[in-house]
Amino acid sequence: MKQGKCIVFSAPSGSGKTTLAKHLLAQDIFKLMFSISATTRPPRGNEQHGKDYYFLTEEEFKTKINKNAFAEYEEVYPGMFYGTLTSELERIWAAGKNVLFDIDVVGGLNIKKLYPENTLAIFINPPNLETLEARLRHRGTESDEKVAMRLAKAETEMERAAAFDHIVLNDHLETAKKEVYDLAANFLNA
Ligand code: ADP
Ligand code: 5GP
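K.L.:
Could you give me a rundown of the site of ligand 1, with the residues and numbers involved?
P.N.:
Taken together, 13 residues form the shell around ligand 1, and within it Gly14, Thr18, Thr19, Arg139 and Asn170 come nearest. In the environment of ligand 1, a nitrogen atom lies 3.4 Å from a nitrogen or oxygen atom belonging to the side chain of Arg135. Between an oxygen atom of ligand 1 and a side-chain N or O atom of Arg139, the distance comes to 2.8 Å. Protein chains bury 76% of the 570 Å² of accessible surface belonging to ligand 1 in isolation. Contributing elements (two or more residues each) for the shell around ligand 1: α1 (17-25) and α5 (129-139). For the shell around ligand 1, the leading source of residues is α1, giving 3 residues. Taken together, the residues of the shell around ligand 1 break down into 2 nonpolar, 7 polar and 4 charged.

K.L.:
Can you explain the sheet that holds strand β5 (residues 70-77)? Please cite residues and give values.
P.N.:
Taken in spatial order, the 4 strands line up as β4-β3-β6-β5 in an open sheet, and their pairing is mixed. Only two strands of the sheet have a single neighbouring strand rather than two, namely β4 (53-55) and β5. Sheet twist, expressed as the average angle between the axes of neighbouring strands with direction ignored, equals 25°. Pairing of β5 with strand β6 (residues 80-85) involves 6 bridges; the strand directions are antiparallel. Within the sheet, the bridge partner assigned to Tyr77 lies in β6 and is Met80. Lying over the sheet, helix α3 (residues 86-94) contacts β4, β5 and β6, oriented at roughly 35° with respect to β6. Its contacts with the sheet put helix α6 (residues 144-159) on β5 and β6, and the angle it makes with β5 is roughly 115°.

K.L.:
Break down the site of ligand 2 for me, with residues and values.
P.N.:
As a matter of local geometry, ligand 2 sits amid 17 residues, with Ser37, Arg41, Tyr53, Tyr82 and Arg150 nearest to it. Residue Arg44 places a side-chain N or O atom 3.2 Å away from an oxygen atom belonging to ligand 2. A distance of 2.7 Å separates an oxygen atom of ligand 2 from a polar atom in the side chain of Arg150. For ligand 2, whose accessible area on its own is 510 Å², the fraction buried by protein is 96%. In terms of residue count, the dominant contributor to the shell around ligand 2 is β5 (4 residues). Residue classes in the shell around ligand 2 are distributed as 5 nonpolar, 4 polar and 8 charged.

The rules behind each value
- Residues numbered from 1 in each chain as written.
- Chains lettered and ligands numbered in written order.
- Predicted model: local features only at pLDDT ≥ 70, side-chain atom pairs only at ≥ 80, totals over all residues.
- Heavy atoms only, no water.
- Near = heavy atom within 4 Å.
- Polar contact = N/O pair within 3.5 Å; in protein donor to acceptor, adjacent residues only side chain to side chain.
- Areas by Shrake-Rupley, 256 points an atom, 1.4 Å probe, with all protein chains shown as cover.
- Helix = DSSP H or I, 4+ residues; strand = E, 2+ residues; numbered from the N terminus.
- Nonpolar A, V, L, I, M, F, W, Y, C, P; charged D, E, K, R; others polar.
- Pairing = 2+ DSSP bridges.
- Axes fitted to C-alpha atoms, helices over the stretch in contact; angles between N-to-C directions.
- Contact = heavy atoms within 4.5 Å.

Structure, rendered in structure tokens:
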């Protein structure tokens, strides 16, 4: 099977990865498909199994680890596992598409290590931590405790930004959308 290309979006939670990823997924010329990750966290809002995530029990997730089914996985938050199934990448490549990832910083750099030539790794930076917190609270999907957990991780994540191919500042949304569009068009020759 011919491997397609990979575009990775990583950033602290609340930076706007999902918003920017959706913008690229909507562009037919990029032939991008979202890599649906597996996770042990419960669904939030309208999230659907097989669309947003493959929601697994911890036992199911660990069985897949033992079977070597993951291209990469991480315990992103204590007791909450997230990972990319190799079968998911094969599904997308078999369809002749390129893969778009929304994964954490460590996972993003692991994908870059696995497929160095074929991966564009983009780090989305929030303007500052106050704005990040405001966006997370405004999104309204997390309890106060979960917001705190996500903010606590943000600073260490931002320290790894330099290891990515590009850093995009998501302050003014339309500017950030244009920037990721141009990066993707250049990388995918589209
Ligand atoms: P992530 O996927 O990184 O957790 P989201 O894309 O869910 O982040 O964005 C977090 C919240 O911030 C959402 O409510 C989203 O609508 C909002 N948001 C995203 N980008 C911007 C921006 N440039 N300015 C203001 N709000 C934004
Ligand atoms: P959320 O719970 O907000 O959907 O995601 C929490 C964090 O886990 C985000 O940083 C998200 O990018 C990351 N994540 C989602 N899927 C994966 C994955 O497959 N692998 C890794 N390493 N991180 C992931």
